[in-house]
Amino acid sequence: MPGIVERNNGQRVVSLTANLHGITLSDAKAKLDDALAKAGPPPRGVSVKYRGEIPPLQETISGLRAGLVLAVVVILLLLAANFQSVRLALSIILTIPAVLCGVILMLWFTGTTLNIESFMGAIMAVGIAVANSILLVSFAERFRHEGRPVFEATQEGATSRLRAILMTAVAMIFGMIPMAIGFAEGGSQTAPLGRAVIGGLIVSTFATLTVLPSIYAILQGKASVRSLSLNPMDSGSHYYDGK
């Protein structure tokens, strides 16, 4: 006779529990998946399910991934509406891969796992990188509308906003260093956020100042300076009515 009969919602279950030490929850799940795969398919009428902290972790990571993708899509739509140009919005969005590469490289270099805090740091770094890119593109576009050639407008926009972009990035990076070190009590829990922000900003700032001007010049090389606005009060619009 079994010493204990366990049921969940009336269904007979057999629970296997364990405590983790020196290993992350995601690594433990990977080892469990390998063990279950080697054990083969369960007998007829038997199913294997994870309980405890693994299902909430999977739901949270899935939600953060969806949130990151949704944030990129919303930013693209807002930029396209603001600049009235899909090409300008696309040139700004193309700096986001640099952010993600910087986050991944920093996490790999510091031996940090991809967790909830590092996901939040990646989203923060994306927001700051997009803001810096908008600043550069806005000034370059203003110089181009003043009648300057696209390469001259691009160079002027990058050089005129160099100090502002560097100040924003450097201030954020140095502000995140204490969090990234994680010396304080419980600092190891928030350290991935600071490390992700630092890595994303280092690479994205370099890409914003070097790669983004080239992308902008290529996409806007043959673009018209006439406004696409339908507002009859806009002097640059094709529908402008001076009366």
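Further up the page is the structure itself.
From a predicted model like this one, the values you see are computed outputs, not experimental measurements. (Residues numbered from 1 in each chain as written. Predicted model: local features only at pLDDT ≥ 70, side-chain atom pairs only at ≥ 80, totals over all residues. Heavy atoms only, no water.)

## What to know about the overall build of the chain
Thinking step 1. Summing up its helical and strand segments, the chain has eight helices and two strands in all.
Thinking step 2. Start at the N end of the chain and walk to the C end: the helices and strands fall as β-β-α-α-α-α-α-α-α-α.
Thinking step 3. Over its C-alpha trace the chain gives a radius of gyration of 25 Å, far above what one expects of a compact globule, namely 18 Å for 243 residues.
Thinking step 4. By principal-axis analysis of the C-alpha atoms, the chain measures approximately 95 × 40 × 30 Å.
Thinking step 5. Within the chain, the fraction of its 243 residues that count as buried is 32%.
Thinking step 6. Accessible area of the chain: about 15700 Å², with a carbon and sulfur share of 63%. (Helix = DSSP H or I, 4+ residues; strand = E, 2+ residues; numbered from the N terminus. Rg over C-alpha atoms; globule rule 2.2 N^0.38 Å. Buried < 20%, exposed > 50% of the residue type's maximum accessible area, 1.4 Å probe, protein only. Areas by Shrake-Rupley, 256 points an atom, 1.4 Å probe, with all protein chains shown as cover.)

## Considerations on the packing of aromatic side chains
Thinking step 1. Tallied over the entire structure, the rule returns zero aromatic pairs.
Thinking step 2. Between Arg142 and the ring centre of Phe143, over which it is positioned, the NZ or CZ distance is 5.2 Å.
Thinking step 3. The aromatic ring of Phe139 is capped on one face by Arg161, whose charged end is 4.3 Å from the ring centroid. (Phe/Tyr/Trp six-rings, centres within 6.5 Å; stacked < 30°, edge-to-face > 60°. Lys NZ or Arg CZ within 6 Å of the ring centre and 35° of its normal.)

## Structural notes on the pattern of salt bridges
Thinking step 1. If you walk through the whole model with that rule in mind, you get three salt bridges.
Thinking step 2. Arg144 is the partner of Glu141 in a salt bridge, and the nearest nitrogen-oxygen pair spans 2.7 Å. Separated by three residues within a single helix, Glu141 and Arg144 lie in helix H5 (residues 116-145), roughly one turn from each other.
Thinking step 3. A residue is classified by how much of its surface remains accessible, and Arg144, at 4% relative accessible area, is buried. (Salt bridge = Lys/Arg side-chain N within 4 Å of Asp/Glu carboxyl O.)

## Quick look at the side chain of Glu141
Thinking step 1. According to the relative accessible area criterion, Glu141 is buried, its value standing at 10%.
Thinking step 2. Polar contacts involving the side chain of Glu141 include one to the side chain of Tyr216, which spans 2.6 Å. (Polar contact = N/O pair within 3.5 Å; in protein donor to acceptor, adjacent residues only side chain to side chain.)

## Let's talk about the nonpolar core
Thinking step 1. Counting 26 residues, the largest nonpolar core has Leu79, Val126 and Val137 as the members making the most contacts within it.
Thinking step 2. Those elements giving two or more residues to this core turn out to be helix H2 (54-83), helix H3 (86-93), helix H4 (96-110), H5, helix H6 (150-160) and helix H8 (187-219).
Thinking step 3. For this core, the element with the highest residue contribution is H5, accounting for eight residues.
Thinking step 4. Within the second largest apolar cluster, nine residues are counted, among which are Ile128, Ile173, Ala180 and Leu193. (Core = buried A, V, L, I, M, F, W, Y, C linked by side-chain atoms within 4.5 Å.)

## A few points about a nonpolar patch on the surface
Thinking step 1. A grouping of Leu162, Leu166, Val170, Phe174, Ile177, Ile181 and Phe183 is seen on the molecular surface, where their side chains present a nonpolar patch of about 670 Å² in accessible area.
Thinking step 2. Structurally, Val170 can be placed in helix H7 (residues 162-181). (Patch = residues over 30% accessible without salt bridge, like charges linked within 9 Å, V, L, I, M, F, W, Y side chains within 5 Å.)

## Thoughts on the environment of Phe143
Thinking step 1. Looking at where Phe143 falls in the secondary structure, it is placed in helix H5.
Thinking step 2. Residue classification places Phe143 among the buried positions, given a relative accessible area of 7%.
Thinking step 3. Sequence separation between Phe143 and Leu70 is 73 residues; the distance between their C-alpha atoms is 32 Å.
Thinking step 4. Apart from residues lying up to four places away in sequence, Phe143 is in contact with Arg148, Ala153, Glu156, Gly157 and Ser160. (Contact = heavy atoms within 4.5 Å.)

## Here we look at the side chain of Thr154
Thinking step 1. Here Thr154 lies in helix H6.
Thinking step 2. Residue Thr154 is classed as buried on the basis of its relative accessible area of 5%.
Thinking step 3. If sequence neighbours within four positions are ignored, Thr154 has contacts with Ala140, Pro213, Tyr216 and Ala217.

## Points about helix H1 (residues 25-39)
Thinking step 1. Under the 1.5 Å per step criterion, the end-to-end length of H1 is 21 Å for 15 residues, consistent within 8% with the ideal 21 Å.
Thinking step 2. Gly40 sits one or two residues past H1 and shows a positive phi near 90 degrees. (Expected span 1.5 Å × (residues − 1).)

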